[in-house]
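# Breakdown of the fold
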Amino acid sequence: MTTSFELLLLQEKIQDPEGVRTQVTFETLPEADQFLDNLLEPYQRNSFSLFVDLNEGFRRRGFWPWAIVLMDREYRLAGHVFITRDRLSDVLFSGYSIRSGYLVEKDGPPSMSMLFFRNKAVASALAQKSPLFSVCWSVLQDRSESKHWLCQTGPLPQRWVQEAEKGDDVLFSMIYSSWLKGKA
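Residues numbered from 1 in each chain as written. Predicted model: local features only at pLDDT ≥ 70, side-chain atom pairs only at ≥ 80, totals over all residues. Heavy atoms only, no water.

Turning next to the environment of Val135. Topologically, Val135 is positioned in helix α6 (residues 131-140). Along the primary structure Val135 and Met71 are separated by 64 residues, whereas in three dimensions their C-alpha atoms are 9.6 Å apart. Excluding anything up to four places from it in sequence, Val135 contacts Thr153, Gly154, Leu156 and Pro157. (Helix = DSSP H or I, 4+ residues; strand = E, 2+ residues; numbered from the N terminus. Contact = heavy atoms within 4.5 Å.)

Our focus in this paragraph is the packing of aromatic side chains. Applying the stated rule across the entire model yields 11 aromatic pairs. The interplanar angle of 80° and the centroid separation of 6.0 Å between the aromatic rings of Phe117 and Phe133 together place this pair among those described as edge-to-face. Within this pair, whereas Phe117 is found in strand β5 (residues 112-117), its partner Phe133 is found in helix α6, the two being separated by 16 residues in sequence. Per residue, the accessibility class of Phe117 equals that of Phe133, and both read buried. Here Phe172 and Tyr176 contribute two aromatic rings whose centre-to-centre distance is 5.4 Å and whose plane-to-plane angle is 20°, an arrangement assigned as stacked. Taken together, the residues Phe172 and Tyr176, both in helix α8 (residues 168-183) and 4 residues apart, mark about one turn of the helix. There is no split in this pair, since Phe172 and Tyr176 are both buried. Arg85 extends its terminal NZ or CZ atom over the ring of Phe82, reaching a point 4.3 Å from the ring centre. (Phe/Tyr/Trp six-rings, centres within 6.5 Å; stacked < 30°, edge-to-face > 60°. Buried < 20%, exposed > 50% of the residue type's maximum accessible area, 1.4 Å probe, protein only. Lys NZ or Arg CZ within 6 Å of the ring centre and 35° of its normal.)

Before going further, it helps to spend a moment on the pattern of salt bridges. For the structure shown, the criterion picks out 10 salt bridges. Measuring nitrogen to oxygen at the nearest pair gives 2.9 Å for the salt bridge that ties Arg76 to Asp169. Here Arg76 is found in the loop between β3 (67-75) and α3 (78-84), whereas its partner Asp169 is found in helix α8, with 93 residues between them in sequence. What makes Asp169 partly exposed here is its relative accessible area of 31%. The structure contains a network of salt bridges with shared partners spanning Arg87, Asp90 and Arg118. (Salt bridge = Lys/Arg side-chain N within 4 Å of Asp/Glu carboxyl O.)

This brings us to a nonpolar patch on the surface. Nonpolar side chains collect at one region of the surface, where Leu8, Leu10 and Leu29 lie side by side and expose about 220 Å² of accessible area between them. Mapped onto the secondary structure, Leu29 falls in the loop between β2 (19-27) and α1 (30-40). (Patch = residues over 30% accessible without salt bridge, like charges linked within 9 Å, V, L, I, M, F, W, Y side chains within 5 Å. Areas by Shrake-Rupley, 256 points an atom, 1.4 Å probe, with all protein chains shown as cover.)

Relative to the helices and strands, Ser130 resides in the loop between α5 (120-127) and α6. Judged by its relative accessible area of 4%, Ser130 is buried. Of note is the side chain of Ser130, whose polar atom sits 2.7 Å from the side chain of His80. Among all residues touching Ser130, those that are not within four sequence positions of it are His80, Thr84 and Trp160. (Polar contact = N/O pair within 3.5 Å; in protein donor to acceptor, adjacent residues only side chain to side chain.)

Moving on, we get to the layout of surface pockets. In this structure, the largest pocket occupies an estimated 960 Å³ of space. Taken together, 35 residues form the lining of the largest pocket, with Arg60, Arg61, Phe93, Ser94 and Tyr102 sitting closest to its centre. At the level of elements, α2 (47-61), β4 (91-94), α4 (104-107), β5 and α8 are the ones that each hand at least two residues to the lining of the largest pocket. At 8 residues, the largest contribution of residues to the lining of the largest pocket is made by α2. Looking at the lining of the largest pocket residue by residue, the classes come out as 18 nonpolar, 8 polar and 9 charged. (1 Å grid on protein atoms, 1.4 Å probe; cavity = no way out; pocket = protein on both sides within 12 Å on 5 of 7 lines; lining within 4 Å. Points joined across faces, edges and corners; volume = space filled by probe spheres on them. Nonpolar A, V, L, I, M, F, W, Y, C, P; charged D, E, K, R; others polar.)

Even without being glycine, Gln44 reaches a positive phi, approximately 55°. Note that Gln44 resides in the loop between α1 and α2.

This is the structure we're talking about:
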């Protein structure tokens, strides 16, 4: 089953003691909230808590994705995402069970159940590289580039997942360690 909702990217002017500033926020419509609440219930989350965390993270990074793709469940594919994308900013990811304050160094390799695509061209290019991204592309290919999207995919191919998840935590840890050294 696949589902899609338009996300609203709102900009509001906020007056505070330091002056006027603009704050950007993703907002969902009630139908999307109900869908998310049902999807997130097993993870003790809801639409509100998810978007509080996502909006905070997107603001910190200055990254407002064209599309957020929700998987049918959490997968151990963080290493696969790292090695498949060309640049870190092409597609970011998180997991339903990951809360604000999560640290790889303390909490270990993350699960992956949400992908945040920078733009449609990135999603299209990645679809040629991996079954993970081709499943995402199947729900994104008809979506307008001028809007923002929240979409859910169907399940990933089971045999491919079984193979890809083998050793993915180790792969992620190696790549993440190398990435950290490059930042230092």
